[in-house]
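Secondary and tertiary structure notes
Listed below, chain by chain, are the residues.
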2 protein chains.
Amino acid sequence: MAKPANPKGTRDFGPREMARRNYIFQTIRKYFSLYGYNPIETPAMELTDTLLGKYGEEGDRLIFRILNSGDYLKGAEGLSGDAASTALTNHISEKALRYDLTVPFARFVVQHQHTLNLPFKRSQIQPVWRADRPQKGRYREFYQCDADVVGSQSLVYEVELITLFNQVLSDLGIPAFAIKLNNRKVLAGIAEVIGEPSKIVDITVAIDKLDKVGLDGVNKELAEKGVAALAIEKLQPLIHFEGDFSSKLAFLQSFLTGSEVGLKGVEELRQVLEWVGDVEPKLVDEKADRRLELDLTLARGLNYYTGAIFEVKALGVQIGSICGGGRYDDLTGIFGLPGVSGVGISFGADRIYDVLEELNLFPAELNQSVSVLVVHFGEEEARFGAKLVYQLRKSGISAELYPDQAKIKKQMAYAANRSVPFVAIIGESELKSGTAVLKNMTSGEQLPLSFTEIIEHLSR
Amino acid sequence: MAKPANPKGTRDFGPREMARRNYIFQTIRKYFSLYGYNPIETPAMELTDTLLGKYGEEGDRLIFRILNSGDYLKGAEGLSGDAASTALTNHISEKALRYDLTVPFARFVVQHQHTLNLPFKRSQIQPVWRADRPQKGRYREFYQCDADVVGSQSLVYEVELITLFNQVLSDLGIPAFAIKLNNRKVLAGIAEVIGEPSKIVDITVAIDKLDKVGLDGVNKELAEKGVAALAIEKLQPLIHFEGDFSSKLAFLQSFLTGSEVGLKGVEELRQVLEWVGDVEPKLVDEKADRRLELDLTLARGLNYYTGAIFEVKALGVQIGSICGGGRYDDLTGIFGLPGVSGVGISFGADRIYDVLEELNLFPAELNQSVSVLVVHFGEEEARFGAKLVYQLRKSGISAELYPDQAKIKKQMAYAANRSVPFVAIIGESELKSGTAVLKNMTSGEQLPLSFTEIIEHLSR
């Protein structure tokens, strides 16, 4: 028999990793709930039609398809078996694993539109699957943690999603992060006023490289992408400009004179900045460790975002963005329900995990399996110990009985291996006196206590 | 475009159902943790080799297979396209969706055996997929909630799994249930002493029908299954016997004289009964609403269970068993690691959901989306209200701002639709005085309060 293994690109999570992952998920869930983003779940599999054509050609290729059950080849005789042809594949596979949580959410909204109250807020924390080539940090199965609201254009949601980022990441103890904000309308305005409205993405991507390639490099790339010389010249003051959020807004206000869409974007940014400053003044101080920044080079999701664009970076850690999001004006149009504006964010749980690990921010108690292991010198002692275990559990203290008759040394080694902080020892004299010796595995302190006293001691 | 839909046999869960499902999962998780069954997760997909041949021929047919990505037909030219032939299927599909959590757990234990401390306790709450014909109460995707321990033969675990059933189901408020216990060794002993050792399953299944078909019916079925007349005669006192757990044990002790395995089974049942009685005396009172019963007709999993067999029925509800489990002496042998005994249980979350729904046992607060909706008479009021919302969230109270400028009537209707228990109303005078009117949506009571007072009021 071949050695048992999980499929490549997938992961088993043991108790230690699960405790850490759940710590992240539970923190995210707590704030999703405080903010009214109630959870939904959709099935792992969607009809192939729901998914195909939503993620571009590359995305379509990365979708895991499920073989029809039963006589799946029936009626396939005339179809080409050429791998390039999708006719056979579509015939033998009608379902596929979800590739993200956004398209299933759009499908959900359209399908259940008559029972939803708009604006509809939802959170969703579920795995997605992609047939990517596995490599470090890239998996074929990973969780996405999304919060979205659809059915309102109000900037109230941009504001609250920014504070949601801040509360979750602060609660996780991440000491320094930048919540980067951009606005698609401002980018459109910039492209418009320099006379290159079709080159938004190229311009944004080129400016993003300023730190790496210098001003000449940026201008060279712009020219290579076909941006006219005059347009590049007009762009120079913008590329040069440095300043905080407010000064950038003032600059843009003047730079974008004449672009209706651009000025609309500036107005949106200004309102978001002001409202965030109302509730969390420290966040709009760009010298703070945890801060909101205006980043005009943020090009994330430019193909579908129509307003705000978010990205969060952990500062002082070599890792890509840990969260992202933005506003899309037509999420559900692909399923025949046009005009439903939405805005949403996603927490990158795997990257947040890596940040917490690297900065040693996971609480120590996550390593514990149970709080108390009861060890014993014999069968009668074990039976007596079972009562202590049960009383502990009834009091909300996790506990276990060592199950077998074994030397105390072996039982203590089991406790140490499982990182149990307290061991309760029951020998002949404890059995007689109805007590146990409670040992603190960190300090080594040992106390002879009644069961009630043990529960009191551990409840403190 | 076709109307968007989820695949048949799968379900979308909206916020209301999710709140109820999570209430069940969280209750189960809480006790899994108190009992030291720490969570693990395995990937949705397993290598086909890991799954095939583990669930019988019928099971193999119900496994969802994943089409290889890329040029999956390459090299398949010589393979038969006959659906009955598995050669082509195995060539184009190397992975499949897990069918249950037990086989992946066995794979996990063998694969990670060198880093696990035995006995290893784990819980696992994840969906599984089966290509079953969808029908009422049977889905193609459903969650399993399992707790298992491997690496010990100690009956301590049988005892704690029974009390775990009891604590979870009691905490969920299920008023009456029977935890049915049987033992494969006792069944083997019975078959042995009547001279039909190979007919354990037939005998057990036949006796199980006593209530439905009467004594004659049972004896007829036994004869039809080829049980010898003498054996049927010997079986009569057992079929007739009625009594509580202890009297049944006394009867079996005498009936099974001469069967070593049978007497071993009786001894196991006796120890479990006694230890459960030690910690939860009410549970072994067979007149109690929540009780442990010895049920010799329990035939669940007789193909693989080797010791204890568990099944839990909710009393007074027309529904199958809501939990099950048992001991298996060789879980990991299929993956090349023989001799690892285990015992485990599974909570049927979907059936528990139906029981709680039918008996109206879900807590009312599960219907709430958020605790407070802040409504407002204009833009300035909304901006002021955003501060209240943020302060509420900081105090751990879930809250939302109505996002748009709309008539108060519309805003209140939104609150009612989302079952929000409190609304905070901010108009011109509240804006001036820095207060809000807190309205209790159930009682209709309205109180003009400062933000601090609102938080105090709601924290009570």
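Residues numbered from 1 in each chain as written. Chains lettered and ligands numbered in written order. Predicted model: local features only at pLDDT ≥ 70, side-chain atom pairs only at ≥ 80, totals over all residues. Heavy atoms only, no water.

Observations concerning the overall build of chain A
So the rule is basically this: By the criteria applied, helices consist of DSSP H or I runs no shorter than four residues and strands consist of E runs no shorter than two, each listed in order from the N terminus. Note that the radius of gyration is over C-alpha atoms, with the globule rule given as 2.2 Å times the number of residues to the power 0.38. Partly exposed describes any residue whose relative accessible area lies between the buried limit of under 20% and the exposed limit of over 50%, with all areas from a 1.4 Å probe on protein chains only and scaled to the type maximum.
A tally of helices and strands in chain A yields 17 helices and 16 strands. In terms of C-alpha radius of gyration, chain A reaches 28 Å, well past the compact-globule figure of 23 Å for 460 residues. In chain A, which comprises 460 residues, the share counted as buried stands at 57%.

A few points about the environment of A:F310
All names here are of chain A. Structurally, the position occupied by F310 is in strand β9 (residues 308–314). The buried category is assigned to F310, whose relative accessible area is 0%. Along the backbone, F310 and C323 are 13 residues apart, and their C-alpha atoms lie at a distance of 7.8 Å.

Some words on the confidence of the model for chain A
Selection criterion: pLDDT runs from 0 to 100 and stands for how confident the predictor is about each residue.
Across chain A, the average pLDDT comes to 94, with 98% of residues at or above 70. ipTM for the predicted complex: 0.94, alongside a pTM of 0.95.

Digging into the relation of the copies chain B and chain A
Threshold: Copy-to-copy superposition: least squares on the C-alpha atoms, limited to residues that have pLDDT of at least 70 in both copies. Residue contacts are counted whenever heavy atoms from the two residues lie within 4.5 Å of one another.
Taken as rigid bodies, chain B and chain A are interconverted by a rotation of 180° and an axial shift of 0.0 Å, the fit giving an RMSD of 0.0 Å. A rotation of that kind, with that shift, is consistent with a two-fold axis. Closest to the rotation axis within chain B is the C-alpha of B:I66, separated from it by 2.2 Å. Interface residue correspondence from chain B to chain A reaches 100%, placing this contact among same-surface, isologous pairings.

A few points about the pattern of salt bridges
Stated precisely, the cut-off is as follows: A side-chain nitrogen of Lys or Arg and a carboxyl oxygen of Asp or Glu constitute a salt bridge if their distance falls within 4 Å.
Taken as a whole and assessed by the stated rule, the structure comprises 52 salt bridges over all chains. Two residues, A:D171 and A:K30, come together in a salt bridge whose shortest N-O distance is 3.1 Å. Remark: A:K30 occurs in helix α1 (residues 15–34) and A:D171 occurs in helix α6 (residues 156–171); sequence separation between them is 141 residues. Exposure remark for A:D171: the relative accessible area of 32% places this residue in the partly exposed category. Of the charged contacts in the structure, one is a salt bridge between B:K121 and B:E160, with a shortest N-O distance of 2.8 Å. Pair noted here: B:K121 is in strand β5 (residues 120–129) and B:E160 is in helix α6 (residues 156–171), with a separation of 39 residues, a long-range link. Just as B:K121 is buried, B:E160 falls in that class too. Sharing partners across several salt bridges, the network here consists of A:K121, A:E160, B:R393, B:E400 and B:R418.

What to know about the packing of aromatic side chains
Selection rule: Only centres within 6.5 Å qualify two rings of Phe, Tyr or Trp (six-membered ring in Trp) as a pair; their planes then separate them into stacked at under 30 degrees, edge-to-face at over 60, and tilted for everything else. Criterion for a charge above a ring: Arg CZ or Lys NZ at most 6 Å from the ring centre, at most 35 degrees from the ring normal.
Taken as a whole, this structure holds 28 aromatic pairs over all chains when the rule is applied. Plain terms: the ring middles of B:F165 and B:F347 are 5.7 Å apart, the flat faces sit at 65° to each other, and that makes the pair edge-to-face. Pair noted here: B:F165 is in helix α6 and B:F347 is in strand β11 (residues 342–347), with a separation of 182 residues, a long-range link. Like B:F347, B:F165 is buried. What links up through ring pairs into an aromatic cluster is the set A:F32, A:F165, A:F310 and A:F347. Above the plane of the ring of A:F13 lies A:R21, whose end atom (NZ or CZ) is 3.8 Å from the centre. Between A:R130 and the ring centre of A:Y99, over which it is positioned, the NZ or CZ distance is 4.0 Å.

Things to note about the sheet that holds strand β14 (residues 422–426) of chain B
Residue and element names in this part refer to chain B. Defined as follows: Here, a strand pair is defined by DSSP locating no fewer than two bridges between the strands. Axis definition: a line fitted to C-alpha atoms, over the contacting stretch in the case of helices. Angles run 0 to 180 degrees between N-to-C directions.
Across the sheet, which stays open at both edges, the five strands sit in the order β13-β12-β14-β15-β16 with mixed pairing between neighbours. One side of each edge strand has no neighbouring strand; the edge strands of this open sheet are β13 (399–401) and β16 (446–450). Within the sheet, the average angular offset between the axes of one strand and its neighbour, ignoring direction, is 25°. In this sheet, β16 lies alongside strand β15 (residues 435–440) in antiparallel orientation, the contact comprising five bridges. Residue A436 lies in a different strand from β16, and its bridge partner there is L449.

Some points on the interface of chain B and chain A
In many analyses, interface size is given as the accessible surface area lost on bringing the parts together. As a reminder of what qualifies: Two parts placed together each lose some accessible area under a 1.4 Å probe, and adding up what both lose gives the buried area. Here a polar contact is taken to be a pair of N or O atoms separated by no more than 3.5 Å, where protein atoms must pair a possible hydrogen donor with a possible acceptor and residues adjacent in sequence count only if both atoms sit in side chains.
Listed as interface residues are 95 residues of chain B and, on the opposing side, 95 residues of chain A. Across the chain B/chain A interface, buried area totals approximately 8500 Å², and carbon plus sulfur atoms make up 59% of it. On the surface where chain B and chain A come into contact, there are 12 salt bridges. The residue B:R383 makes a salt bridge to A:D278 at a minimum N-O spacing of 2.7 Å. There are 44 residue pairs in polar contact (both at pLDDT 80 or more) connecting chain B and chain A. Per element, the largest residue contribution to the side of chain B that touches chain A is seven residues, and it comes from helix α14 (residues 379–394) of chain B.

A word on unusual backbone geometry
Residues and elements named next belong to chain A. Cis geometry marks the peptide bond from L118 to P119; its omega dihedral reads -10°. For P119, the position within the fold is in the loop between α5 (102–111) and β5 (120–129). Positive phi values are uncommon outside glycine, yet N360 reaches one of about 55°. Its location among the elements puts N360 in the loop between α13 (349–358) and β12 (372–376).

Structural notes on the packing of helix α14 (residues 379–394) of chain A against helix α12 (residues 260–279) of chain B
Convention followed: For classification, angles of less than 35 degrees are called roughly parallel, those exceeding 145 degrees roughly antiparallel, those between 65 and 115 degrees roughly perpendicular, and all remaining angles oblique. Left-handed is the label given to a crossing in which the near helix is rotated counterclockwise from the far helix by less than a right angle, and right-handed is the label when the rotation is clockwise. Ten residues, namely Ala, Val, Leu, Ile, Met, Phe, Trp, Tyr, Cys and Pro, are considered nonpolar, four, namely Asp, Glu, Lys and Arg, are considered charged, and the remaining ones, Gly among them, are considered polar.
Interaxial distance between α14(A) and α12(B) falls to 9 Å at its minimum, and their mutual angle equals 45°. Our classification of the angle between α14(A) and α12(B) gives oblique. Handedness of the crossing formed by α14(A) with α12(B): right-handed. Residue-level contacts link A:A382, A:R383, A:A386, A:K387 and A:Y390 of α14(A) to B:E274, B:W275, B:D278 and B:V279 of α12(B). When its residues are assigned to classes, the contact of α14(A) with α12(B) shows five nonpolar, no polar and four charged.

Some details on helix α17 (residues 451–459) of chain A
At 3.6 residues per turn, the α-helix brings residues three or four places apart onto the same side. All names here are of chain A. Inclusion rule: Arc definition: it is the arc formed by the directions from the helix axis to the C-beta atoms.
By the burial criterion, the buried members of α17 are F451, I454, I455 and L458. Projected down its long axis, α17 carries its buried residues within an arc of 95°, all on one side. Those residues of α17 that are exposed and aimed more than 90 degrees away from the buried face are T452 and E456. The inward-facing, buried residues of α17 abut β12, α14, β14 (422–426), β15 (435–440) and β16 (446–450).

Quick word on helix α10 (residues 229–240) of chain B
Residue and element names in this part refer to chain B. This is how the line gets drawn: Working rule for helices: expected span equals 1.5 Å times residues minus one.
Given a rise of 1.5 Å per residue, 12 residues ought to cover 16 Å, and the 17 Å separating the end C-alpha atoms of α10 matches this to within 8%. When we look at burial in α10, the residues that qualify are A231, I232, L235, Q236, L238 and I239. Looking at the buried residues of α10, the elements they touch are α7 (184–193), α8 (200–207), α9 (210–224) and α11 (245–255).

A word on the sheet that holds strand β1 (residues 38–39) of chain A
Pairing between the strands of a sheet is mediated by backbone hydrogen bonds and can be parallel or antiparallel. Residue and element names in this part refer to chain A. Pairing in this open sheet of eight strands is mixed, and the strands run β1-β5-β6-β11-β10-β9-β7-β8 from one edge to the other. For this open sheet the edge positions go to β1 and β8 (290–294), each flanked by a neighbour on one side alone. Contacts between helix α11 (residues 245–255) and the sheet are confined to β7 (177–183) and β8, with β8 contributing the most and set at about 10° to the helix.

Looking at the pairing of β15(B)
Residue and element names in this part refer to chain B. Within β15, five of the six residues are buried, leaving the element largely enclosed by the surrounding structure. Of the pairings in the sheet, the one linking β14 to β15 comprises four bridges and is antiparallel in character. When the bridges of β15 are listed, I425 appears paired with V437.

Side note on the environment of B:F64
By the element assignment, B:F64 lies in the loop between α3 (56–61) and β3 (65–66). Given the relative accessible area of 1%, B:F64 is considered buried. Taking the C-alpha atoms as reference points, B:F64 and B:A188, 124 residues apart in sequence, are found 36 Å from one another. When near neighbours in sequence (up to four residues on either side) are disregarded, B:F64 contacts A:M45, A:I66, A:S69, A:K95, B:A96, B:L97, B:W129, B:R130, B:A131 and B:R140.

With respect to the side chain of A:R418
Along the chain, A:R418 falls in the loop between α15 (408–417) and β14. At a separation of 3.3 Å, a polar atom in the side chain of A:R418 contacts the main-chain carbonyl oxygen of B:G36.

Considerations on the environment of A:V227
Residue and element names in this part refer to chain A. Following the sequence through the fold, V227 ends up in the loop between α9 (210–224) and α10 (229–240). Residue V227 is classed as buried on the basis of its relative accessible area of 5%. The spacing of V227 and A191 is 36 residues in sequence and 9.9 Å in space, taken between C-alpha atoms. Leave out the neighbours within four places in its chain, and V227 touches E196, K199, I203, L222 and I232.

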